[in-house]
Amino acid sequence: MDGIRHYRMFAAYNSWANGRLYDAAELLSDEEWERDVHAFFGSMCGTLNHILVADRIWMNRFTGTGETHRVLSDVPYPHFGDLRRERGALDDRIADWVDTLNEETLQGLFSYVPVTNPKEVTQQLAPALSHLFNHQTHHRGHAHMILSVLGHEPPSLDLIYFLRSDDGKAFI
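Here is what the cut-offs are and how they apply
- Residues numbered from 1 in each chain as written.
- Predicted model: local features only at pLDDT ≥ 70, side-chain atom pairs only at ≥ 80, totals over all residues.
- Heavy atoms only, no water.
- Buried < 20%, exposed > 50% of the residue type's maximum accessible area, 1.4 Å probe, protein only.
- Helix = DSSP H or I, 4+ residues; strand = E, 2+ residues; numbered from the N terminus.
- Pairing = 2+ DSSP bridges.
- Salt bridge = Lys/Arg side-chain N within 4 Å of Asp/Glu carboxyl O.
- Phe/Tyr/Trp six-rings, centres within 6.5 Å; stacked < 30°, edge-to-face > 60°.
- Contact = heavy atoms within 4.5 Å.
- Polar contact = N/O pair within 3.5 Å; in protein donor to acceptor, adjacent residues only side chain to side chain.
- Core = buried A, V, L, I, M, F, W, Y, C linked by side-chain atoms within 4.5 Å.
- Expected span 1.5 Å × (residues − 1).
- Arc of directions from axis to C-beta.

Undergrad: Help me get a handle on the pairing of strand β1 (residues 109–112), residues and values and all.
TA: By the alternation rule, side chains of β1 split into Phe110 and Tyr112, which are all buried, and Leu109 and Ser111, of which none is buried. Bridge analysis of β1 against strand β2 (residues 121–124) gives 4 bridges, and the strand direction is antiparallel. Bridge pairing in β2 links Ser111 to Thr122.

Undergrad: Tell me about the pattern of salt bridges, and please be specific about residues and values.
TA: All told, the structure shown has 11 salt bridges when counted by the stated rule. Across the salt bridge formed by Arg87 and Asp91, the nearest N and O atoms sit 2.7 Å from each other. Note that Arg87 and Asp91 are positioned in helix α4 (residues 80–100) at a spacing of 4 residues, about one turn of the helix. Within the structure, one salt-bridge network assembled from shared partners comprises Arg56, Glu67, Asp82, Arg85 and Glu86.

Undergrad: Any chance you could break down the packing of aromatic side chains for me, citing the residues and the numbers?
TA: Per the counting criterion, the structure on display carries 15 aromatic pairs. Ring geometry for Trp16 versus Phe162: centroids 5.3 Å apart, planes at 55 degrees, classification tilted. Taken together, the residues span a long stretch of sequence, with Trp16 in helix α1 (residues 3–25) and Phe162 in helix α7 (residues 159–163) at a distance of 146 residues. Exposure class is identical for Trp16 and Phe162. Each is buried. Ring plane angle 35 degrees and centroid distance 5.5 Å describe the contact between Trp58 and Phe62, whose orientation is recorded as tilted. Separated by 4 residues within a single helix, Trp58 and Phe62 lie in helix α3 (residues 44–63), roughly one turn from each other.

Undergrad: Which residues make up the side chain of Asp91, and what values go with them?
TA: Overall, the relative accessible area of 3% leaves Asp91 in the buried class. Leave out the neighbours within four places in its chain, and Asp91 touches Asn14, Ser15 and Asn18.

Undergrad: How would you explain the environment of Ser165 if you had to name every residue and give the values?
TA: Here Ser165 lies in the segment after α7. Sequence-wise, Ser165 and Trp16 are 149 residues apart; in three dimensions their C-alpha atoms are separated by 9.6 Å. A distance of 2.5 Å separates a polar side-chain atom of Ser165 from the backbone oxygen of Phe162.

Undergrad: Lay out the nonpolar core in plain terms, naming residues and giving numbers.
TA: Within the largest apolar cluster, 49 residues are counted, with the highest numbers of intra-cluster contacts made by Met44, Leu48, Phe62, Leu129 and Phe133. Those elements giving two or more residues to this core turn out to be α1, α3, α4, β1, α6 (125–149) and α7. Element by element, the count of residues in this core is highest for α1, at 12 residues. With near-sequence residues (within four places) excluded, Phe133 lies in contact with Tyr7, Phe10, Ala11, Asn14, Ile94 and Val98.

Undergrad: Could you give an account of α4, naming the residues involved and the relevant values?
TA: Along its 21 residues, α4 runs 30 Å from first to last C-alpha, staying within 8% of the 30 Å computed at 1.5 Å per residue. Buried residues of α4: Phe80, Leu83, Glu86, Arg87, Leu90, Asp91, Ile94, Trp97 and Val98, and no others. The buried residues of α4 all sit within an arc of 145 degrees when viewed along its axis, so they share a single face. Relative to its buried face, α4 has exposed residues pointing more than 90 degrees away, namely Asp96 and Thr100.

Written out as structure tokens, the structure is:
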């Protein structure tokens, strides 16, 4: 699989996995949504907001446009419905942007200033884009655990399961 197809697969997987995760999170009560279960970002609210915040930061770095944040623990959408709406819009934005990339762009350099260590970094785009998708998966794992801790059935989010789904078959 070439690099472009690889990243398009991950953009589609991201949207699919978020849809499944948000379907499960929608069943949480308000108290469960906000309950601190001692995950890295505390609650389901904190965790899902963190993924959105980090994705916005990276997309702003990649494209030079869109909202960004200065704090990784920002909670811009404390209410589930608002967060879900924004998540869907951002997933569409990520997929649309990935569709504009080519192999030359992936190998090209870009510069940004990290939130946690404000010194400019210049690096190749491809590994940073891989980080975006890996970071999402990492924190979706936290959200998956939060559902379990709260007594809810977490959905399967495995990439291989996605590839066997109607949404993922195009990438096999």
